[in-house]
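Chains, contacts and geometry: an overview
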Amino acid sequence: MTERRAPERPATRMGPQSTRRDWRPFLYGGMSSCFAEFCTFPIDTTKIRLQVQGQRVAGLRELRYRGMSHALVRISQEEGLRALYRGISPAVLRQSTYGTIKFGVYYTMKGVICPNPADETLLSNVCCAIVAGVVSSSIANPTDVLKVRMQAANDSVRQKGMVRCFSDIYQQEGVRGLWRGVGPTAQRAAVIVGVELPLYDFFKRYFIQNDIMGDSTGNHFASSLLSSLGGAVASTPIDVLRTRMMNQRALLHAGPAAAAAASEGVVPAHFYRSSLDCLYKTVRYEGCRALYKGFVPTWLRLGPWNIIFFVSFERLKQLY
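All of these numbers come straight from a predicted model, not from anything done at the bench.

Here is what the cut-offs are and how they apply
Residues numbered from 1 in each chain as written. Predicted model: local features only at pLDDT ≥ 70, side-chain atom pairs only at ≥ 80, totals over all residues. Heavy atoms only, no water. Phe/Tyr/Trp six-rings, centres within 6.5 Å; stacked < 30°, edge-to-face > 60°. Helix = DSSP H or I, 4+ residues; strand = E, 2+ residues; numbered from the N terminus. Buried < 20%, exposed > 50% of the residue type's maximum accessible area, 1.4 Å probe, protein only. Lys NZ or Arg CZ within 6 Å of the ring centre and 35° of its normal. Patch = residues over 30% accessible without salt bridge, like charges linked within 9 Å, V, L, I, M, F, W, Y side chains within 5 Å. Areas by Shrake-Rupley, 256 points an atom, 1.4 Å probe, with all protein chains shown as cover. Salt bridge = Lys/Arg side-chain N within 4 Å of Asp/Glu carboxyl O. 1 Å grid on protein atoms, 1.4 Å probe; cavity = no way out; pocket = protein on both sides within 12 Å on 5 of 7 lines; lining within 4 Å. Points joined across faces, edges and corners; volume = space filled by probe spheres on them. Nonpolar A, V, L, I, M, F, W, Y, C, P; charged D, E, K, R; others polar. Core = buried A, V, L, I, M, F, W, Y, C linked by side-chain atoms within 4.5 Å. Contact = heavy atoms within 4.5 Å. Polar contact = N/O pair within 3.5 Å; in protein donor to acceptor, adjacent residues only side chain to side chain.

1. Examining the packing of aromatic side chains
Per the stated rule, a full pass over the model turns up 16 aromatic pairs. A centroid spacing of 3.9 Å and a plane angle of 25 degrees characterise the contact between Phe103 and Phe309, whose relative ring orientation is stacked. With Phe103 in helix α5 (residues 88-113) and Phe309 in helix α13 (residues 295-319), this pair connects stretches of sequence that are 206 residues apart. Overall, the relative accessible area of 2% leaves Phe103 in the buried class. According to the relative accessible area criterion, Phe309 is buried, its value standing at 0%. Three or more aromatic residues link up through ring pairs in this structure, and these residues are Phe103, Tyr106, Tyr107, Tyr200, Trp305, Phe309, Phe310 and Phe313. For Arg94, the ring lying beneath its charged end belongs to Tyr98, and the centroid distance is 4.2 Å.

What follows is the structure, encoded as structure tokens:
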């Protein structure tokens, strides 16, 4: 048993030196996050479309998609395959900030709190993950707003690029528009990161210590798949609220701009006043099941995303 644990320590801590001055968790986390995001982005687009439909809002009432497969086919047929990657630029930009900070902070905090990997506990890992998720998601929120709106295919952003959309949000909605939905975003990140990363570390260590699998690709695959299931179950309701909050617009000035926005089916500024108001109206008008809209693509995306990320992350650690 001792012989199996020996190689685990450098793999977990990325080397003998202190992670307080180790840049690798940040770099490897960002690189692996961007790669995983690009590979799974079409699934994320279907999730966004499923989550925003069915609201009591002009332009979003119709249930156009019956599920993930139907959404993939219909979007491809009606809008072209490129539509599945609409919003990929802010998504990659988001992962280059969110992913870099999240995984860097998580593994660095673990190294500070528990210098010896054998002393790690599930509670300490959960606390580190929650802090990492909240900090990273709050900083990267503007890129998330851009991604959601481009994926939701609002007419106002359909033909615009990332820089133009960013400029429009800032001019029409102010700085607050760029941080719209930051509350549920931080809550979602706290839940999903607080579940996924500790679960991954737990299952990985469990498989090694019980001689089920060594520190191998098979272990990384199974651990990431199991952690993604827990993350999907815990985070989907918050993700639905986050998506709807981010997709609505609150213009700074009324007049022609507001009239044009209304004609495009933009959510009125008063529709969702807060994440709790969004929760109340979603359950009242659509039922509790609406909180799990997009669950299948959420898990089917988190599963491959985590597998691609953690396998890439572990390989990068082994290379250097």
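Past the structure itself, the notes keep going.
2. Description of a nonpolar patch on the surface
On the surface, Leu122, Phe202, Tyr206 and Ile212 cluster together to form a nonpolar patch covering roughly 370 Å² of accessible area. Following the sequence through the fold, Phe202 ends up in helix α9 (residues 182-209). Phe202 sits in the partly exposed class, given a relative accessible area of 36%.

3. Comments concerning empty space enclosed by the protein
Considering all chains together, one arrives at one cavity of 30 Å³ or more under this definition. By volume, the largest cavity is sized at about 230 Å³. Considering the residues around the largest cavity, the lining is formed by 19 residues, among which Tyr98, Lys102, Arg188, Arg301 and Leu302 are closest to the centre. Those elements that place two or more of their residues in the lining of the largest cavity are α3 (24-52), α5, α9 and α13. Tallied by class, the residues present in the lining of the largest cavity amount to seven nonpolar, two polar and 10 charged.

4. Some remarks on the nonpolar core
Membership of the largest hydrophobic core comes to 23 residues, with the highest contact counts inside it found for Phe103, Tyr106, Tyr107, Val193, Leu197, Phe309 and Phe310. Taken together, the elements giving at least two residues each to this core come down to α3, α5, α6 (122-139), α9 and α13. In terms of residue count, the dominant contributor to this core is α5 (six residues). Dropping the residues within four chain positions of it, Val193 is found in contact with Tyr98, Lys102, Ala129, Gly133 and Pro198. Within the second largest apolar cluster, 11 residues are counted, among which are Val145, Val148, Ala152 and Met246.

5. Quick look at the side chain of Gln53
Along the chain, Gln53 falls in the loop between α3 and α4 (68-79). Within the structure, the side chain of Gln53 is placed 2.9 Å from the backbone nitrogen of Arg64, a separation counted as a polar contact.

6. Describing the pattern of salt bridges
Per the stated rule, a full pass over the model turns up 23 salt bridges. Between Arg74 and Glu78 there is a salt bridge, with its nearest N and O atoms 2.6 Å apart. Taken together, the positions of Arg74 and Glu78, both in helix α4 and four residues apart, correspond to about one turn of that helix. When its relative accessible area of 45% is taken as the criterion, Glu78 is described as partly exposed. The partner of Asp144 in a salt bridge is Arg242, and the shortest N-O contact between them spans 2.4 Å. Taken together, the residues Asp144 in helix α7 (residues 141-151) and Arg242 in helix α10 (residues 217-247) connect sequence positions 98 residues apart. The network of salt bridges with shared partners includes Asp44, Lys47, Arg94, Asp144, Lys147, Arg188, Asp239 and Arg242.

7. A short note on the side chain of Asp44
Mapped onto the elements, Asp44 comes out in helix α3. Separated by 3.1 Å, the side chains of Asp44 and Lys47 make a polar contact. If we ignore the near neighbours within four places in the chain, the residues touching Asp44 are Lys147, Gln151 and Arg301.

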